[in-house]
Amino acid sequence: MTRQVYLSGQLVAEEDAKISIFDSAVLLGDTVTESTRTFGHCPFKLSEHIHRLYKSLKVARIDPGMNADEMLNVTLRMLEANLPDYREGDDCWIVHNISRGAFIPGPDPTVQRSVATVMIYTQPLDLRGWAKFYTDGCHAVTPMSRIIPSQSLDARIKNRSRMAYTLAEMEAKLVDPEAQSVILDIHGNVAENKGGNVFIVSDGVLKTPRTTNCLAGISRATVMQLARLRNICVEETELQPYDLYTADEVFFTSTPYCIMPATKFNGLPVGDGQVGPMTQRLLRAWSEFVGLDIVRQARKQLPASEAG
Ligand SMILES: Cc1ncc(COP(=O)(O)O)c(C=O)c1O
């Protein structure tokens, strides 16, 4: 079946979903975004994602032309139209991209001159790129580029202007083609990954940067929630590279993979160089929470020779 996407008021076949080359999404990268995922075809924390979307829209001063409840309803309608295409065991992303709409060059790019362009779609959740990191851990690397300071663009506005993140990720991959970035802020504090938040475990305490320099990740909040329910001490604090070098465990959090362990940081082993017990415990806790084995689902997508 052709994928059905939602475009500014209607569900249309993917090939009929066309936007103008003069849209502010294209001309200005002026777009806020959300990515939610499903577990067993059920959206995970969709209301929280839509709540964050509306905060981004407010701060970006974009009027989406509908309220949060309406956004939730059209999203569910779009998901329902596409679920027959997903096999049992496979899941999808649900992506929202909302731009200010038509852009007319002139002295004032801030005026919203048309209705917003609201784009919502599902995407098969391809986990192959992350699957082996659950068991082997990834190599976390600090790129040269720093995160855009929140004084310029608040990191809590989840937006589609990804140039800075992409360049930082490319720099990390100069060190190791499979590296995952740990981007620092202009003060040298750990901020975030190009698409994830960063955690360390140090003497049994789970630590993560405050949201002064990173996105308030829904997965970040989920990990903190799961940890606190298990009486694990959680601290939101400043972290420097030193803290990652000397941590017992390091991991990233993000919607598609939930938790991605890092077993190497800038070439040095993290702890004993193995995926740590707290990381594994939190991954198990998340799997229990959603009733689906997160690691198994990802590893099942690997070719048999790599699945182990
Ligand atoms: C820059 C950035 N940081 C962190 C995250 C993690 O956020 P979430 O857990 O809500 O997916 C993302 C997600 O795409 C992101 O783009």
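No experiment lies behind these values; they were computed from the predicted model shown.

Caption draft 1: A look at the site of the ligand. Around the ligand lies a shell of 16 residues, among which Lys158, Arg162, Glu192, Ser219 and Thr255 are the nearest. A distance of 2.9 Å separates an oxygen atom of the ligand from a polar side-chain atom of Arg52. The separation between a nitrogen atom of the ligand and a polar side-chain atom of Glu192 is 2.7 Å. Here the shell around the ligand is built from residues that sort into 3 nonpolar, 8 polar and 5 charged.

Caption draft 2: Representation of the packing of aromatic side chains within the structure. Scanning the model with the defined rule gives 6 aromatic pairs in all. Plain terms: the ring middles of Phe39 and Phe44 are 5.2 Å apart, the flat faces sit at 90° to each other, and that makes the pair edge-to-face. The same class applies to Phe39 and to Phe44, which are both buried. Ring centres of Phe199 and Phe251 lie 5.1 Å apart, and the angle between their planes is 10°; on these two criteria the pair is classed as stacked. Placement of Phe199 in strand 11 (residues 197-202) and of Phe251 in strand 14 (residues 249-254) is noted, with a sequence separation of 52 residues between them.

Caption draft 3: Up close: the pairing of strand 7 (residues 138-141). Every second residue of strand 7 is oriented toward a common face, with Cys138 and Ala140 on one face and His139 and Val141 on the other, all of them buried. Two elements, strand 7 and strand 15 (residues 258-265), share 3 bridges in a ladder whose sense is parallel. Pairing of Ala140 across the sheet is with Phe265, part of strand 15. Pairing analysis gives 2 bridges linking strand 7 to strand 8 (residues 180-181), with the strands arranged parallel. Counted as the bridge partner of Ala140 is Gln180 from strand 8.

Rules used in this analysis
Residues numbered from 1 in each chain as written. Predicted model: local features only at pLDDT ≥ 70, side-chain atom pairs only at ≥ 80, totals over all residues. Heavy atoms only, no water. Near = heavy atom within 4 Å. Polar contact = N/O pair within 3.5 Å; in protein donor to acceptor, adjacent residues only side chain to side chain. Nonpolar A, V, L, I, M, F, W, Y, C, P; charged D, E, K, R; others polar. Phe/Tyr/Trp six-rings, centres within 6.5 Å; stacked < 30°, edge-to-face > 60°. Buried < 20%, exposed > 50% of the residue type's maximum accessible area, 1.4 Å probe, protein only. Helix = DSSP H or I, 4+ residues; strand = E, 2+ residues; numbered from the N terminus. Pairing = 2+ DSSP bridges.

Keep in mind these numbers describe shape, not what the thing actually does.
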